Amino acid sequence: MAVRPVPIFATERTAAQLLDMSLEEFRALVKAGHLPPPRTIGDGASRWFVEDLSSIAKGEAIHGDQNIKW
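Quick notes on the rules
- Residues numbered from 1 in each chain as written.
- Predicted model: local features only at pLDDT ≥ 70, side-chain atom pairs only at ≥ 80, totals over all residues.
- Heavy atoms only, no water.
- Helix = DSSP H or I, 4+ residues; strand = E, 2+ residues; numbered from the N terminus.
- Buried < 20%, exposed > 50% of the residue type's maximum accessible area, 1.4 Å probe, protein only.
- Contact = heavy atoms within 4.5 Å.
- Areas by Shrake-Rupley, 256 points an atom, 1.4 Å probe, with all protein chains shown as cover.
- Core = buried A, V, L, I, M, F, W, Y, C linked by side-chain atoms within 4.5 Å.
- pLDDT = per-residue confidence, 0-100.
- Salt bridge = Lys/Arg side-chain N within 4 Å of Asp/Glu carboxyl O.

A few points about the overall build of the chain
And step 1. On a plain count of helices and strands, the chain comes out with 3 helices and 3 strands.
And step 2. Listed N to C, the secondary structure of the chain is β-α-α-β-β-α in terms of helices and strands.
And step 3. Every one of the 70 residues in the chain was classed for burial, and the buried ones make up 21%.
And step 4. A separation threshold of at least 6 residues defines the contact pool for the chain, and within that pool the share at least 24 residues apart is 43%.
And step 5. Accessible surface, the chain as shown: approximately 5400 Å² in total, 54% of it carbon and sulfur.

In structure tokens form, the structure reads like this:
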């Protein structure tokens, strides 16, 4: 049985799914600054760092915390 790799980055749609919300909800929270913006990889691919999303979901990340660089 093949082992699936654990994702490091997620597309916008996958990031929304990871947080169990609609794409529209996710976009609104990013636009309002409640969720981090995407990171740009290479020639303009936008992705969210899964570890950031996980920290937010666990309540370990607080907006404005010096350790979070959004």
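A word on the nonpolar core
What tends to happen in soluble globular proteins is that the nonpolar side chains get buried as a cluster.
And step 1. Counting 11 residues, the largest nonpolar core is built from Ala-10, Ala-15, Ala-16, Leu-19, Leu-23, Phe-26, Val-30, Leu-35, Trp-48, Val-50 and Leu-53.
And step 2. The set of elements that each furnish at least two residues to this core consists of helix H1 (12-18), helix H2 (23-31) and helix H3 (50-57).
And step 3. Take this core: its biggest share by element is 3 residues, from H2.
And step 4. Those residues in contact with Val-30 that lie beyond four places of it in its chain are Leu-35, Pro-36, Pro-37 and Trp-48.

Observations regarding the confidence of the model for the chain
And step 1. Of all residues in the chain, 87% attain a pLDDT of 70 or more, and the chain-wide mean is 86.
And step 2. In the model of the chain, H3 stands out as the element of lowest mean pLDDT, 90, in contrast to H2, which has the highest, 96.

Quick look at the side chain of Asp-52
And step 1. The residue Asp-52 is located in helix H3 in this model.
And step 2. Once residues lying within four places of it in the same chain are set aside, the contact partners of Asp-52 are Pro-36 and Arg-39.

Focus: the pattern of salt bridges
And step 1. Throughout the structure, instances matching the rule amount to 2 salt bridges.
And step 2. Two residues, Arg-27 and Glu-12, come together in a salt bridge whose shortest N-O distance is 3.0 Å. Taken as a pair, Arg-27 in helix H2 and Glu-12 in helix H1 lie far apart in primary sequence, 15 residues in all.
And step 3. The class for Arg-27 is partly exposed, based on a relative accessible area of 41%.
And step 4. Arg-39 serves as the salt-bridge partner of Asp-52, at 2.9 Å between the closest nitrogen and oxygen. Note that Asp-52 is positioned in helix H3 and Arg-39 in strand E2 (residues 39-41), a separation of 13 residues in sequence.
And step 5. By relative accessible area, which is 16% here, Asp-52 ends up buried.

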